[in-house]
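# Coordinate analysis (summary)
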Amino acid sequence: MPWLSRGLTNGVVTTRYPRRNDDYGKTFKAAVSVRVHETKPDHDVIANCIDLCPTGAISSTDQGSLQLDRGSCIVCGFCVQSFPEFFEFSHLLELAASSKKQLMMPYIEESAENLQAIRSELAERVRSLKRSVHIRHIDAGSDGSEEWEINALLNPIYDVNRLGIYFSASPRHADIALVSGVGTLGMQSALEDTLEAMPEPKVVIAVGTDAIAGGLVHPSYSTYAGIGTSLPVDIWVPGSPPSPFTILHAILLAIGKDNGTR
Amino acid sequence: MIEFHNVSTAEFREVVRDRMGSSSRLAALWGFDSPGGFYLRALLSHANEPVGSYELVTALVHEISYDALSVLIPGAQWYERVIYDLYGIRAEGNLPLKPLVFPRHSTDDPPMTHQVSSSVVSRINVSSLQRKAVGEGVFTIPYGPVRSGVFESIEYLVETFGEDISHLGVRVFHKHRGIEKRFEALNLMEAVCLAERVEGVASVAHATAFCHAIENMTGTEVPESAELLRLVHAELERIANHLDTFVRLTEGAGQAVANARFGIYKEEILRMRARLCGNRFGRGVVVIGGVSEGPQTNVDDILSELDSLELEMNRDIDRLMRTPSFLDRLKGAGILSRDLARQQGVVGPVARGSGIYEDQRSSKPYGAYAKLGFSPASPRIEGDVLARQQVRVEELRTSISLTRDALIRIGNDKASLWKSESTESISGVSLGWVEAPQGELVYMIEIEQNHINKVSMRCPSFCNLSALPLAFNGDILTDFVFIEASFSLIISGVAG
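Not measured: the values here are computed from a predicted model. All residue numbers refer to positions counted from 1 along the written sequence of the respective chain. Written order decides the labels, with chains lettered from A and ligands numbered from 1. Local features in this predicted model are restricted to residues whose pLDDT is 70 or higher, and side-chain atom pairs enter the listing and the counts only when it is 80 or higher, whereas totals over whole chains, interfaces and linings include all residues. No hydrogens and no water enter the side-chain calculation; it runs on all heavy atoms of the structure.

### Looking at the environment of A:Gly71
All names here are of chain A.
- Secondary-structure assignment places Gly 71 in the loop between β3 (66–69) and α3 (78–82).
- Per-residue accessibility, obtained with a 1.4 Å probe over protein chains only, is compared with the maximum for each type, and a residue is labelled buried under 20%, exposed over 50%, and partly exposed between these values. Gly 71 gets classed as buried once you look at its relative accessible area, which sits at 2%.
- Whether two residues are in contact is decided by their heavy atoms, any of which lying within 4.5 Å being enough. If we ignore the near neighbours within four places in the chain, the residues touching Gly 71 are Leu 103, Thr 209, Ile 212 and Ala 213. Helix numbers and strand numbers start at the N terminus; a helix is a DSSP run of H or I with at least 4 residues, a strand a run of E with at least 2.

Below is the structure:
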């Protein structure tokens, strides 16, 4: 009985996302963006930026401007610190993308048909999942923080059950595989077996920079460059680790329930 | 505070035994395959009064084997297995060295030898863990690496003849990422970022221990304000980790309201950390020589938020620790005796729950702890899940008051010095340590003119996981979740 009254003391603490925007992102360095300039940086600056980045996320385009791959970026902020005129932190939390190409900053315009094809294929596949989905999480060599952020989705602040999203104990009942971690040799067969055990249709989400391209952990004698090297990944979630909102955005994107952003 | 000894392989075991006093503990046993040969390094921790010390015993091993230390110190066995997995150097005179962190095929070169480049060795395909208990009616429950719930991957083999767990097998190689080797390819600034990712939920502890090693090497004085801010982030990290344990224990006990409320507090702590530095895990805060920048928000706001959070949280903790349906699940479960805890070199809240009075914040003080007058949680002698919970409750309260004291001292002074300039060229061997949320964390780093030759670390969960199977004494299957949660293990750190 005392717990009952305790449970009622604070009223509703749950976010209204995705119906309304949540402004939590304002306090949080979620990603790095490239500032677009009229003048192009000179060659030395570009070389310094590329050299500075520990994961090789920064490169230069054929036109001589800087670009950054969020799929490799661990948001260490070295570039923002040294070259604030070219890089800045982004506070946007809806970062998940259905194609790896979309993680390039500034955005590369992917051919409309190509993107359309990816989206409609996914939409077709998840048509039966719209009302409610069950998720199976698999750790393929994470550092442990992704698990915290995924677990956070179940606390009252995010409470994803309100959206019909549930976590499943068995892969047999799961529609979505939420895979975190760099992809270690040791997890490879367990990962494949788990995905094999999931019924069709299924969606695979790569959670975190490590899972997308290996982050800072790869190359190593014991890892692959992300889980995409051996699995058909549908949604990519950048961040090291991605915040719960970003992971939620990815799940909504997977089942076609996001607000049409990106 | 650190003594170094070089001995021959033949003497190694005897020297280690002689140096071990009644209050000593084997803190680590590391291998290092340098171009000059294979080194075996035993790190001993002495809990002397008033301050403890470390002692490093090094031997150059010419053979492919050495005398097993685990014959004398049972806690050495897991280290010996790791050394065999990674370097192919065998400890002679003890049980067969079953694979723990990296099961090699006999045709492969050991992954950590210096000749092998950091390319992928080969795909791992191993059978499941071997059974230990046999007999009529005994059966096994394979649990993991993919387990129910959102957990890190680990493989358990629970052997039981109905209800009692008679034996627990553990293996962690699934998550082995080859982190130690990876350090060697990075510069110092990047290496701090990698340290933050060894155990992602203890990022601040890892970055601090790594930076301590470098600062000890160069004799860098960290500015006082930077030490205070490091303390704030380290203690907030501890609070978040302890709350995570509360969340898991209350979930196991079906305390839905308590579970929800501790989940909210944990989220609020992570958000508070993000407001202070822009990252929910305090990444990017600790740099060599200090911290990257001062608090990113008004300190007074954080202080008042901390006050109201403490008030609310204490009410729930008090209520929880008076709820019989919760306490009944914890009391008497997973007893780890003081002797076994000492034998395995257990650290942190698990050790303090088993009557071992050691906390590196006071026994080998560093940073701002001495100045703020820190005294560790009083140890419990029961050694059960409840004792570990009680230790965490007390530590959580201490952490909040430490955080508050440090924040008051930091204030909103924008002119504070946050970082002292580091030396141009760094060379040497040194040790860095902190009390991470799970216990003592040690880094040993060898650098030659800013190039990292070797990083060895020992994560607290490594020692604690090695003692987990010993905590099952007639405990039943439904106790498993509580015992495991009370050890608060980070698997990524154990697997390396």
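### Details of the state of the cysteines
Residue and element names in this part refer to chain B.
- Disulfide: a pair of cysteine sulfur atoms within 2.5 Å of each other. Taken as a whole and assessed by the stated rule, the structure comprises 0 disulfides over all chains.
- Between Cys 463, a free cysteine, and Cys 459, which holds the nearest cysteine sulfur, the sulfur-to-sulfur gap is 9.3 Å.
- Note on Cys 463: relative accessible area 2%, which makes it buried.

### Details of the domain arrangement of chain B
Residue and element names in this part refer to chain B.
- Each domain's extent was defined by an automatic or database domain assignment. Domain annotation of chain B identifies domain 1 (2–121) and domain 2 (179–495).
- Using only C-alpha atoms to locate each centre, domain 1 and domain 2 end up separated by 26 Å.
- With 35 residues of domain 1 in contact, the opposing surface of domain 2 contributes 32 residues.
- Taking both partners together, domain 1 and domain 2 bury about 2500 Å²; carbon and sulfur atoms supply 64% of that area.
- Just to be clear on terms, a salt bridge is a Lys or Arg side-chain nitrogen sitting within 4 Å of an Asp or Glu carboxyl oxygen. Counting across the interface, domain 1 meets domain 2 through 3 salt bridges.
- A salt bridge links Arg 25 to Glu 440; the nearest nitrogen and oxygen atoms lie 2.9 Å apart.
- Polar contact is defined as a pair of N or O atoms within 3.5 Å, subject to the rule that within protein one atom must be able to donate a hydrogen and the other to accept it, and that residues adjacent in sequence are counted only when both atoms are side-chain atoms. Taken together, the links from domain 1 to domain 2 amount to 12 residue pairs in polar contact (both at pLDDT 80 or more).
- Elements represented by at least two residues in the side of domain 1 that touches domain 2 include exactly β1 (2–8), β2 (24–34), β3 (37–46), β4 (53–61) and α2 (77–87). Summed over both partners, buried area is the accessible surface (1.4 Å probe) that two parts give up on being assembled.

### Description of the packing of helix α14 (residues 385–410) of chain B against helix α16 (residues 480–487) of chain B
All names here are of chain B.
- Interaxial angle, 0 to 180 degrees, is taken between N-to-C directions of lines fitted to C-alpha atoms, where a helix line uses only the stretch in contact. Running from amino to carboxyl end, α14 crosses α16 at an angle of 35 degrees, the nearest separation of the two axes being 10 Å. Judged by the twist between their axes, the crossing of α14 over α16 is left-handed. Of the residues in α16, those in contact with Val 385, Arg 388 and Arg 392 of α14 are Phe 482, Ile 483, Ser 486 and Phe 487.
- Class assignment for the residues of the contact of α14 with α16 results in 4 nonpolar, 1 polar and 2 charged. Working rule for handedness: look at the near helix, and if it is turned counterclockwise from the far one by less than a right angle, call the crossing left-handed; if clockwise, right-handed. When residues are grouped by polarity, Ala, Val, Leu, Ile, Met, Phe, Trp, Tyr, Cys and Pro land in nonpolar, Asp, Glu, Lys and Arg in charged, and all others, Gly among them, in polar.

### What about unusual backbone geometry?
- A:Pro201 follows A:Glu200 through a cis peptide bond whose omega is -5 degrees.
- Residue placement: A:Pro201 occurs in the loop between α6 (188–197) and β9 (203–207).
- Of note, the bond from A:Ser240 into A:Pro241 is cis; its omega dihedral lies within 30 degrees of zero at -5 degrees.
- One can find A:Pro241 in the loop between β10 (235–237) and α8 (244–254).
- One non-glycine residue, B:Gln449, lies in positive phi territory at about 45 degrees.
- Within the element layout of this structure, B:Gln449 appears in the loop between β13 (439–448) and β14 (451–458).
- Unlike most non-glycine residues, B:Asn450 shows phi in positive territory, near 70 degrees.
- If you trace the backbone, B:Asn450 turns up in the loop between β13 and β14.

### A look at the nonpolar core
- We call a set of buried Ala, Val, Leu, Ile, Met, Phe, Trp, Tyr and Cys residues a nonpolar core when their side-chain atoms join them within 4.5 Å. The biggest cluster of nonpolar side chains holds 167 residues, and the ones touching the most others in it are B:Phe12, B:Phe183, B:Phe210, B:Tyr443 and B:Leu465.
- The element contributing the most residues to this core is helix α6 (residues 224–252) of chain B, with 13 residues.
- Residues A:Ile205, A:Val237, A:Leu248 and B:Ile264 belong to the second largest nonpolar core, which totals 40 residues.

### Considering the packing of aromatic side chains
- Here the aromatic set is Phe, Tyr and Trp, taking the six-membered ring for Trp, and pairing holds for ring centres within 6.5 Å; pairs whose planes are under 30 degrees apart are stacked, those over 60 apart are edge-to-face, and all others are tilted. Per the stated rule, a full pass over the model turns up 22 aromatic pairs over all chains.
- Ring geometry for B:Phe210 versus B:Tyr443: centroids 5.8 Å apart, planes at 85 degrees, classification edge-to-face. You can see B:Phe210 sitting in helix α5 (residues 203–218) and its partner B:Tyr443 sitting in strand β13, a full 233 residues away along the chain.
- On the accessibility criterion, B:Tyr443 (0% relative accessible area) is buried.
- Ring-over charges, as used throughout, are those where CZ of Arg or NZ of Lys falls within 6 Å of the ring centre and within 35 degrees of the ring normal. When the ring centre of B:Tyr84 is taken as reference, the NZ or CZ atom of B:Arg90 above it lies at 4.6 Å.
- Seen from the ring of A:Tyr24, B:Arg271 lies directly overhead, with NZ or CZ sitting 4.0 Å from the centre.

### Let's talk about the domain arrangement of chain A
All names here are of chain A.
- Each assigned domain of chain A is listed here: domain 1 (31–90) and domain 2 (112–254).
- Domain 1 and domain 2 are separated by 27 Å when their C-alpha centres are compared.
- The interface of domain 1 with domain 2 comprises 7 residues on the first partner and 7 residues on the second.
- Between domain 1 and domain 2, roughly 550 Å² of surface is buried when both sides are summed, and carbon and sulfur atoms account for 70% of that area.

### Let's talk about the sheet that holds strand β12 (residues 428–436) of chain B
All names here are of chain B.
- A pair of strands is considered paired only if DSSP assigns at least 2 bridges between the two. With antiparallel pairing, 3 strands are arranged side by side in an open sheet as β12-β13-β14. Among the strands making up the open sheet, the edge pair consists of β12 and β14. Recorded for the sheet is a direction-independent mean angle of 20 degrees between the axes of neighbouring strands.
- Two strands pair when backbone bridges link them, and β12 and β13 are joined in this way by 9 bridges, in the antiparallel orientation. Residue pairing in the sheet places Glu 435 in a bridge with Glu 440 of β13.

### Structural notes on the confidence of the model for chain A
- On average, chain A scores 89 in pLDDT, and the residues at 70 or more come to 97%.
- For every residue, the predictor assigns a confidence score, pLDDT, that lies between 0 and 100. Within chain A, helix α5 (residues 145–152) of chain A carries the highest mean pLDDT (96), whereas helix α4 (residues 112–125) of chain A carries the lowest (80).

### With respect to the sheet that holds β3(B)
All names here are of chain B.
- If you trace the 4 strands from one edge of the open sheet to the other, you get β1-β4-β3-β2, paired in mixed fashion. The open sheet terminates on both sides in strands that have one partner only, identified here as β1 and β2. Pairwise comparison of adjacent strand axes, ignoring direction, gives a mean angle of 20 degrees for this sheet.
- Of the strand pairs in this sheet, β3 and β4 are connected by 9 bridges, and their pairing is antiparallel. From the neighbouring strand, Phe 38 faces β4, where its bridge partner is Val 61.
- Across the sheet, helix α1 (residues 9–19) is in contact with β1, β2, β3 and β4; its angle to β1 comes to roughly 145 degrees.
- Where α2 meets the sheet, it contacts β2 and β3, and its direction lies at approximately 10 degrees from that of β2.

### Considering the interface of chain B and chain A
- At the junction of the two partners, chain B supplies 70 residues and chain A supplies 61 residues.
- Carbon and sulfur atoms supply 59% of the area buried between chain B and chain A, which totals about 5500 Å² over both sides.
- On inspection of chain B and its partner chain A, the count reaches 6 salt bridges.
- Across the pair B:Arg283 and A:Asp143 runs a salt bridge, and its minimum N-O distance is 3.1 Å.
- Run the count over chain B and chain A and you get 32 residue pairs in polar contact (both at pLDDT 80 or more).
- Contributions of two or more residues to the side of chain B that touches chain A are made by α3 (179–183), α4 (188–196), α6, α7 (256–277) and α8 (299–320) of chain B.
- Counting residues per element, the side of chain B that touches chain A draws most heavily on α7(B), which supplies 14 residues.

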